[in-house]
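Geometric and topological summary
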Amino acid sequence: GCLESDIARRCAPILEGKVPSLEITIDTRHLLGCDGRLTLVAETVTKGLVEKVLEIAKNRQTRVVSTFRPGPTWRSSTVSIEPACNAFHEDLVPPRRLLVFGSTPGVRPLLEIGRILNWETEQVVLSSDPRSVEPNLDAATLLSHASQIGKLCPDSWTACIVMNHHVGRDLEVVRKLWNTPTPFLGLLGSRRRRDEILKGLAFASGQPELDLDSRELYAPVGLALGGEGPANIALEVCAQIQQVLSRGEHRS
């Protein structure tokens, strides 16, 4: 934009190693004609800070970066679990992740939209699914049984969509995902199939008890945007995931 050249010029003392940090105030009326003012804090970023941030992202951890204003009490930015006092804070959260369970034609557009949104996407197929031998599933994660779903480690930034189009397999997958930390468990299909699966969760013999009040099941999954076909359904599903993970409200 219009500010970068001025910022680079004003940060020359940092780039030349003369000072470790600077506070810069820019009156945007002189550059943009906007009635505003920006105050920026710039500092030398250490290699150790970058490596720590990369490690946190790799391990899908949540941390806070605290950046301090220049002055007598200034110190380099820190990464910690709790924010430091008298500092600017930036939350480090894991990338959003999308796990799609199934091998039907509707899976591909869902994964494609997720990738466009820079989500980490993964297709998961149970080997008991006869369609799992299709050649276009080379990149999918194959599980021999739903009991292996725990190895995927769905966390509080992971959305899970179940779309096997098979009541038995959907029931297996939903049961294993029910008590995981995922904030979004979605099931593709009709309300009738949803009720059938919920009954299976509640009454299947030999299964561990599940607190059906502890989990919100998004079923039928997706916001009602009025589209038809796999691509439009994928858009509706991703829109609802975005809404829930951002804790937003559905509005124009």
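Residues numbered from 1 in each chain as written. Predicted model: local features only at pLDDT ≥ 70, side-chain atom pairs only at ≥ 80, totals over all residues. Heavy atoms only, no water.

**Description of the sheet that holds strand β11 (residues 217-218)**
- Read across the open sheet, the six strands follow the order β8-β7-β6-β9-β10-β11; overall the sheet is parallel. Each edge of the open sheet carries a strand with a single partner, namely β8 (141-143) and β11.
- With two bridges joining them, strand β10 (residues 184-187) and β11 adopt parallel strand pairing. The residue bridging Gly186 from the neighbouring strand is Tyr218, located in β11.
- Across the face of the sheet, helix α5 (residues 167-177) comes into contact with β6 (97-101), β7 (120-126), β9 (158-162) and β10 while running at roughly 160° to β9. (Pairing = 2+ DSSP bridges. Helix = DSSP H or I, 4+ residues; strand = E, 2+ residues; numbered from the N terminus. Contact = heavy atoms within 4.5 Å. Axes fitted to C-alpha atoms, helices over the stretch in contact; angles between N-to-C directions.)

**Notes on the nonpolar core**
- Judged by nonpolar contacts, the single largest core of 21 residues is most densely connected at Phe101, Val174, Leu177 and Leu185.
- Among the secondary structure elements, those contributing two or more residues to this core are β6, β7, β9, α5, β10 and α6 (191-203).
- If you tally residues by element for this core, the top one is α5, at four residues.
- The residues contacting Leu177, other than those within four sequence positions of it, are Phe101, Ile149, Pro154, Cys160, Val162, Thr182, Leu185 and Arg215. (Core = buried A, V, L, I, M, F, W, Y, C linked by side-chain atoms within 4.5 Å. Buried < 20%, exposed > 50% of the residue type's maximum accessible area, 1.4 Å probe, protein only.)

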